[in-house]
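# Architecture and fold: a report
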Amino acid sequence: MSNLSVTFSKAPGKEHEAAILGFYKDKERCSSFESLNYDLQGFLDHALEHNKKFKGKYGDIEIFMAPENAPYTYIVLLGLGDKDELKPSSAEKAGGKLFAALKSANITTAEFYIDNDLSSSGEFAANLANGFYLRSYDFEKYKTPKEGNDKPLKPEKLHFVLFDSDKAQKLYDVFAKISDGVFLCRDLVNEPPNALVPDIYAKRIKEELKPYGVEVDILDEKRMHKFGMGAILSVGQGSANPPRMVIMRWIGDRDSNQEPLAFVGKGVTFDTGGISLKPAAGMEDMKMDMGGSAAVVGLMKALAGRKAKTNVIGIVGLAENMPSGTATRPADIIKSYSGKTIEVLNTDAEGRLVLADCLSYVQERYNPRLIIDLATLTGAILVALGHEYCGTFTTDDALWDHLNKAGEETGEKLWRMPLDEYWKKDMEGTISDIQNMSQKSGRWAGSCTAAGFLWHFIKEDTPWAHMDIAGTAWIKEDRDLTPKYGTGFGVRVLDRMIANFYENA
Ligand code: BES
Ligand code: ZN
Ligand code: ZN
C-alpha cells in the first residue's frame, strides 16, 4: 500500500515542507534554481559554495535546513549526473532514492522544481514521480499502528512544478496503474502463508480483479479431479488446503480475431518440500513460492487498469506443498492433464508439476499465440544469477528480443539461459514418460533441467518463454524502487513488452 499523493502543476503549490532542486554533474544548476535562490536571498549559492560533499553526481542527495522565514523548512539537492545520459529509468531510480532520503529525514511534504530546459521534462517528471511512488510501498497491515510522537513519518505529498505539467500528469496516471499492479503483486507475496492458502487466494484474485473488468474462473479440486489434472493435485494432496486453478481473462480488444497472449504463474502458497522436506533454516522464505502467480495477477490488474488494447489469459496454479500421511511420496507416478505420466523423484520439485497442468490446460482451451510462464522454480537460478537477473529460457529469438528490450527499459533485467534438447531428453522417465528430476544431471544445471521438464508440456511451434524468478521475486534488502521483501518482479517488464509489441493502437 501507499498513501502518497503526487500532483503536477505549472505554478508552485502551497505550504510544502521541502523544496527539491535537481543538479547535474559538477553542480550544474537546473533553470529553476535562480528564482528560488532569489527568494532565499542568495542562500542557495551560499550553501552550494560551502558544501564540499555534494557534487551533483547521479544519486547524490543533500538535505539541509532553509533559513528562518523561508517558504520551506528544508532544501533538498538531488544529483542527476550527466544531463545527456538521463534516461527514463535513471529518472525513476532517482525518484526511488529521493523517497528513501526524504523518509529518513522525516519529511512529509515536498515540492520538486523540474528543469524546464530538459528536452522531455514531462516524461522526466512522470518517471521520477513513478520511482518515488514505487519506493513508497509498505506492507503494514499486520502491525498495530503507532500514534502520536511514536508514529513514524514518511513522505505523503509530492508536488512537481513544471511547464509541461499536463503531459507529466497524463503519463504518470498510466504509470500509476501499472505500479498498482506491482503493489498487488507485492501484497500477495508479502502475505503470510496462513492468510493465503489456495482457496482464500483464489477468492482474493476474484475480488481484486473483477472490479477492473477481468473475468475470473476458479477451478476447485473436484473440477480438477474431473479434468484429470493429476500433477497439480499431487502437489496439494498432503495439505488440508486443497489446490485451486484460477483463470483470468482480460478482453481489451473485442474486435481482434488474434489468439490471446497467455501468462502462467506458479502459485505454491507454501513450499515445505513435502516428504522431500526442506531444512528448517530459512523455510519461512518459502511463503514467496507463489511469486510467479502474484506477478500474473499483478500484470492482469495493470493491463486492465490502463485498459490495454489486447486480449490476455492469465492462469495460476495454487497449491500448498506439505508433508503428511496423504502427501505424494518420492517414487510415486502420477498422470498429468496432458496424459503424460510423471515419476515424482523429489517432492520438492513441485513447481514444475503445478505448471505442467496449467500449461497444458491453457494451450488446449485457448490456443494462445504466445505463452510466458513465471515461477520461483529453482534455487539453482539464485546460484547462477543472484537477485539481479531473472533467468529466461526461450527458443524464440524474436520473443527474447521483445522481453530483453522491455527488461532494459524497466530495469527488471533478464538474462537469457539455454533451452537445450539435451535437458529435455534428460527429463524423460525410465518407468514413466517423464520424471520431475534428472537422475543423470542431478542438481547440475538445475534451472536448465527444470526448463527442460516444462518444455515437454509445450506444443511444438508455440512461442514460449519460461522466467525463473526465484532470485528476483523476493529480496531481503531495499532496492531503489522496492523496499525489502516482495519485489513485484515481472509485472513491469511484461506490461512493457505487451505495450511495445503486442498491443493494438
Ligand atoms: N521453490 C523452490 C525453489 C526456490 C528456492 C525458490 C529458493 C526460491 C528460493 C522449488 O520448488 C524447489 O525446491 N526446487 C528444488 C528443485 C530440486 C529438488 C530439483 C531446488 O531448487 O532445489
Ligand atoms: Zn520445492
Ligand atoms: Zn517451490
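Below you will find a few notes about this structure. Here the structure is a predicted model, which is why all the values come from computation and not from measurement. (Residues numbered from 1 in each chain as written. Chains lettered and ligands numbered in written order. Predicted model: local features only at pLDDT ≥ 70, side-chain atom pairs only at ≥ 80, totals over all residues. Heavy atoms only, no water.)

## Some remarks on the coordination of the zinc ion (ligand 2)
Here is the rule: Water is absent from the atoms considered, so a metal site may look incomplete; donors are defined as N, O and S atoms within 2.8 Å of the metal, or 3.2 Å for Na, K and Ca. Angle rules define the geometry names used: all angles between 85 and 135 degrees makes four donors tetrahedral, while opposite donors over 155 degrees apart and all other angles between 65 and 115 make four donors square planar and six octahedral, leaving every other case irregular. The cut-offs for exposure are 20% and 50% of the maximum accessible area for each residue type, with area from a 1.4 Å probe on protein chains only; residues under the lower value are buried, those over the upper are exposed, and the others partly exposed.
Coordination of the zinc ion (ligand 2) by the protein is provided by Asp271 (OD), Asp348 (O), Asp348 (OD) and Glu350 (OE), with metal-donor distances spanning 2.0 to 2.2 Å. Relative to the metal, the six donor atoms surrounding the zinc ion (ligand 2) lie at angles of 71 to 167°, and the coordination shape comes out irregular. Given a relative accessible area of 3%, Asp271 falls into the buried group. Taking relative accessible area as the criterion, Asp348 reaches 22% and is therefore assigned partly exposed.

## Section: the coordination of the zinc ion (ligand 3)
Distances from the zinc ion (ligand 3) to its protein donors, Lys266 (NZ), Asp271 (OD), Asp289 (OD) and Glu350 (OE), fall within 2.0 to 2.4 Å. Around the zinc ion (ligand 3), the six donor atoms sit at angles spanning 77 to 175°, and that spread fits a shape best called octahedral. Donor residues for the zinc ion (ligand 3) sit on one chain with the sequence pattern K-x4-D-x17-D-x60-E. The metal-metal distance between the zinc ion (ligand 3) and the zinc ion (ligand 2) is 3.2 Å, with Asp271 serving as a donor to both. Asp271 matches Lys266 in its accessibility class, with the two residues each being buried.

## Quick word on the packing of helix α6 (residues 198-209) against helix α9 (residues 291-305)
Note the cut-off: To obtain an axis, a line is fitted to C-alpha atoms, over the contacting stretch when the element is a helix, and the angle between two such axes runs from 0 to 180 degrees between their N-to-C directions. Numbering goes from the N terminus for both helices and strands, where a helix is a DSSP run of H or I of at least four residues and a strand is a run of E of at least two. Our angle categories are set so that under 35 degrees counts as roughly parallel, over 145 as roughly antiparallel, 65 to 115 as roughly perpendicular, and the remainder as oblique. Handedness of a crossing follows from how the near helix is turned relative to the far one, being left-handed for an anticlockwise turn of less than a right angle and right-handed for a clockwise one. In what follows, a contact means two residues having at least one pair of non-hydrogen atoms within 4.5 Å.
Two numbers describe how α6 lies on α9: the axes approach to 10 Å, and their chain directions differ by 15°. As the angle between them shows, α6 and α9 are arranged roughly parallel. When you trace α6 past α9, the crossing you get is right-handed. Together, Tyr201, Ile205, Glu208 and Leu209 of α6 and Ser293, Ala294, Val297, Met300 and Lys301 of α9 make up the contact between the two elements.

## What to know about the sheet that holds strand β8 (residues 215-219)
We count it as follows: Any two strands between which DSSP finds at least two bridges are classified as paired.
Read from one edge of the open sheet, eight strands run β8-β9-β11-β10-β14-β18-β15-β16, paired in mixed fashion. Taken across any chain shown, the strands that pair with only one partner, and hence form the sheet edges, are β8 and β16 (414-417). Shown here is a sheet whose adjacent strand axes are inclined to one another by a mean of 20°, direction ignored. Of the strand pairs in this sheet, strand β14 (residues 370-375) and strand β18 (residues 464-468) are connected by five bridges, and their pairing is parallel.

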